[in-house]
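# Fold and geometry: a report
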Amino acid sequence: MNEVLIKAITELNEDKVIKMVKSLLKEGASSQDILDILQEGMDNVGNLYEQSEYFIADLIMAGIIFREILNLDEMKFDHDSPKKKFVGKIVLGTVKGDLHDIGKDIFSDIATSAGFLVYDLGVDVPPEKFVQKIIETDADIVGMSGVLSLAITSMKETIDAIRNAGLRDKVKIIAGGNHLTKDSGAYIGADETTNNATAGLKICKKWTKKID
Amino acid sequence: MSNFIIACEMLKDEVLKSQQNTGNKDPVKWMDSILHMDPDKLRADLQDVIDGSTGYDNLLFVYGSCGNGLVGLKATTARLIVPKTADCITMLLYGRNDIDSIRKDTYFLTKGWLEGEKNLRNEYQHSVDKYGEEKARHIFKVMLNHYRYLMLIDSSAYDIDEYIKISEELAIKLELEFMIKTGNVTMMDKLLQGQWDEDFCVVPKGGELTFSSFGTSSCDTILNKF
Ligand code: B12
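Residues numbered from 1 in each chain as written. Chains lettered and ligands numbered in written order. Predicted model: local features only at pLDDT ≥ 70, side-chain atom pairs only at ≥ 80, totals over all residues. Heavy atoms only, no water.

### Quick word on the overall build of chain A
When you go through chain A residue by residue, the secondary structure sums to nine helices and five strands. Against the globule reference of 17 Å for 212 residues, chain A gives a C-alpha radius of gyration of 18 Å, in line with a compact fold. For chain A, the C-alpha atoms occupy an extent of roughly 50 × 45 × 25 Å along the three principal directions. Here chain A, with 212 residues, has 52% of them falling under the buried criterion. Sequence-distant contacts in chain A: of pairs separated by 6 or more residues, those separated by 24 or more amount to 69%. Within the structure as shown, chain A displays about 10200 Å² of accessible surface, and the carbon and sulfur contribution to it stands at 50%. Put simply, chain A has 26 plus and 34 minus side-chain charges, and the middle of one group is 6 Å from the middle of the other. (Helix = DSSP H or I, 4+ residues; strand = E, 2+ residues; numbered from the N terminus. Rg over C-alpha atoms; globule rule 2.2 N^0.38 Å. Buried < 20%, exposed > 50% of the residue type's maximum accessible area, 1.4 Å probe, protein only. Contact = heavy atoms within 4.5 Å. Areas by Shrake-Rupley, 256 points an atom, 1.4 Å probe, with all protein chains shown as cover. Lys, Arg positive; Asp, Glu negative; His and termini not counted. Charge placed at Lys NZ, Arg CZ, Asp CG, Glu CD.)

Written out as structure tokens, the structure is:
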């Protein structure tokens, strides 16, 4: 792996990262290679944040750099190519009463770059809105995000609403947030819970393979 | 009955005010407020304190669920008394029925939140120093994208005038509307006076605090688990 690039990401050196990624892409690196390197750098940023070295602002900066790279033409998932259809459709949102969206945005970005069509409903999303969007888009997967304690209640309400609308068997549901556990996942009734966006993406990929 | 208070440093002024209100003289363990950045670490550190607090009947927590940082705590040495509240913001705005609508688009400040190690002011200054003014503004646009108000809570526990000035200046930098609302330390008064009604979770020795403990339903703890 490209240690210099990983270091530049870890240090949140925006200009250097963009320059290096561009030249790697020119040299023929695939978008997946770049994503793997990015992920490693991001994990380092997350660790530094957990060790209280980094600020919330640094976490946000990491997100900004991440998004900038994903927006490079070479990195975009080529939906027009006949060989590449959407992997699946995800309705995503931070649940009712919660405004935290750093985690949701990270998941949204990596899912999009992996070929999912993501309908991001934003924050403080009421259960009805999830239901409406599932019907409208015929989505395969529902992704709920939230870090407040009350998010657990809202997630449960969202799944209850999906069930009441008769849609529970039509969608797989994944909940994300650093405080979620298997226990709370069972309580809210999600198929899976995760506190890691990459792990969550793997689960979604597994699901859509089965659906196809 | 002997009580030991375990409190977040963020709420120091409010706890001292409540002790003054109620004449309570129980010993207090102040927990570093930086712990709130990482609920897992918060839980681990609180458990250490519980495990080391022998010889008391009750451990009184001046904490909310704080991102489920308190969920999973085991009452190894004494009874645990925990306010059934999401966090210190809801605690300080106790009794206000407009709490849900206020929380929709507001970032809250108190003296404690303004002086904690990684407070919003430091976050901003750090961003300016590290990334420059323009980038810092971009970062804060993303961070506070869904926020409209910056609200100073007057908990009556500190000199409000000094912090109005600081908060107003911060609001201008962050492009938020400044507001001030009256809070209270009622929940702490009740905690310290032993009025542990439906607003509190009482976990008997040997029990464990679960995530539904903080729900509106009755306190549900796992008993005899260990
Ligand atoms: C960053 C942060 C903020 C930022 C948010 C910026 C933003 N745009 O989101 C700011 C500073 C604005 C903020 C504000 C507040 N916050 Co805050 N905040 C945090 C903090 C420190 C980190 C959360 C975070 O972003 N983590 C980083 C991300 C990357 O992690 P993540 O969300 O878990 O996401 C990862 C995975 O879980 C996964 N994932 C996430 N979602 C999804 C979805 C799917 C589908 C999948 C597959 C995966 C996935 O992918 C991500 C990457 O791996 C937490 C503490 C903590 N460590 O949790 C407190 C915390 C959540 N906040 C808290 C509080 C108290 C507040 C305030 C009330 C403070 C105040 N003074 O006003 C306000 C909220 C105001 C309100 N009206 O309620 C409390 C919550 C207490 C509670 N009620 O439960 C916490 C727990 C801190 C604490 N212990 O006190 N906060």
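Structure's up, so let's keep going.
### Observations regarding the overall build of chain B
The helix and strand inventory of chain B stands at nine helices and 10 strands. Across the 226 residues in chain B, those meeting the buried criterion constitute 55%. Within the structure as shown, chain B displays about 10000 Å² of accessible surface, and the carbon and sulfur contribution to it stands at 48%. Taking the average place of the 26 positive charges on the side chains of chain B and the average place of its 35 negative ones, the gap between the two points comes to 2 Å.

### Describing the interface of chain A and chain B
In this complex, chain A contributes 27 residues to the contact, which on the side of chain B involves 27 residues. Broken down residue by residue, the surface that chain A buries against chain B is led by Phe55(A), Leu99(A) and Ser149(A), which jointly contribute 24%. The tally of links between chain A and chain B comes to three salt bridges. A salt bridge links Lys130(B) to Asp58(A); the nearest nitrogen and oxygen atoms lie 3.3 Å apart. Scanning the region where chain A abuts chain B turns up 12 residue pairs in polar contact (both at pLDDT 80 or more). The set of elements that each furnish at least two residues to the side of chain A that touches chain B consists of α3 (31-50), α4 (56-70) and α8 (182-188) of chain A. A class-by-class count of the residues in the side of chain A that touches chain B yields 14 nonpolar, five polar and eight charged. (Buried area = accessible area lost by both parts, 1.4 Å probe. Salt bridge = Lys/Arg side-chain N within 4 Å of Asp/Glu carboxyl O. Polar contact = N/O pair within 3.5 Å; in protein donor to acceptor, adjacent residues only side chain to side chain. Nonpolar A, V, L, I, M, F, W, Y, C, P; charged D, E, K, R; others polar.)

### Points about the coordination of the cobalt atom of the ligand
Among all protein atoms, only His100(A) (NE2) binds the cobalt atom of the ligand, sitting 2.3 Å from it. Looking at the secondary structure, you find His100(A) in the loop between β1 (88-94) and α5 (102-113). (Donors = N, O, S within 2.8 Å, 3.2 Å for Na, K, Ca; no water.)

### As for the domain arrangement of chain A
Residue and element names in this part refer to chain A. Under the domain assignment, chain A is made up of domain 1 (2-75) and domain 2 (88-211). On a C-alpha basis, the centres of domain 1 and domain 2 stand 25 Å from each other. Both faces considered, domain 1 and domain 2 share a buried interface measuring about 680 Å² in area, 60% of it formed by carbon and sulfur atoms. Here domain 1 is connected to domain 2 by one salt bridge. (Domains from an automatic or database assignment.)

### Overview of unusual backbone geometry
Residue and element names in this part refer to chain A. Of note in the backbone geometry, leucine 12 takes a positive phi value of approximately 60° without being a glycine. Relative to the assigned elements, leucine 12 resides in the loop between α1 (3-10) and α2 (14-26). According to the relative accessible area criterion, leucine 12 is buried, its value standing at 5%. A positive phi is found at aspartate 124, a non-glycine position, where the angle reads about 50°. Structurally, aspartate 124 is set in the loop between β2 (116-120) and α6 (127-137).

### Remarks on the packing of aromatic side chains
All names here are of chain B. Under the defined criterion, the tally for this structure stands at five aromatic pairs over all chains. On the numbers, 6.3 Å between centres and 85° between planes, the contact of tyrosine 107 with tryptophan 113 is edge-to-face. Ring centres of tyrosine 158 and tyrosine 163 lie 5.5 Å apart, and the angle between their planes is 90°; on these two criteria the pair is classed as edge-to-face. You can call tyrosine 158 buried: its relative accessible area is 9%. We classify tyrosine 163 as buried; its relative accessible area is 4%. Aromatic rings pair up to connect Tyr107, Trp113 and Tyr147 into one cluster. (Phe/Tyr/Trp six-rings, centres within 6.5 Å; stacked < 30°, edge-to-face > 60°.)

### Here we look at a negative patch on the surface
All names here are of chain A. A cluster of like negative charges, contributed by Glu3, Asp33, Asp36, Glu40 and Asp43, occupies part of the molecular surface. With four residues, α3 is the single largest residue contributor to the negative patch. If you trace the backbone, aspartate 33 turns up in helix α3. By relative accessible area, which is 38% here, aspartate 33 ends up partly exposed. (Patch = residues over 30% accessible without salt bridge, like charges linked within 9 Å, V, L, I, M, F, W, Y side chains within 5 Å.)

### Focus: the site of the ligand
Among the 44 residues in the neighbourhood of the ligand, the closest are listed as His100(A), Ser149(A), Asn178(A), Met37(B) and Arg103(B). Chains contributing residues to the immediate surroundings of the ligand are chains A and B. A distance of 2.7 Å is found between a nitrogen atom of the ligand and a backbone nitrogen or oxygen belonging to Arg103(B). Secondary structure elements with two or more residues in the shell around the ligand: α4, α5, β3 (141-145), β4 (172-176) and α9 (197-211) of chain A together with β5 (106-109) and α7 (133-143) of chain B. With five residues, the top contributor of residues to the shell around the ligand is α5(A). For the shell around the ligand, the residue count by class is 25 nonpolar, 15 polar and four charged. (Near = heavy atom within 4 Å.)

### So, the nonpolar core
Membership of the largest hydrophobic core comes to 120 residues, with the highest contact counts inside it found for Ile69(A), Leu46(B), Phe61(B), Val62(B), Leu70(B) and Leu80(B). Setting aside anything within four residues of it in sequence, one finds Ile69(A) in contact with Val17(A), Ile18(A), Val21(A), Ile34(A), Leu38(A) and Met75(A). Ranked by size, the runner-up nonpolar core spans 25 residues in total, among them Val95(A), Leu121(A), Leu167(A) and Leu180(A). (Core = buried A, V, L, I, M, F, W, Y, C linked by side-chain atoms within 4.5 Å.)

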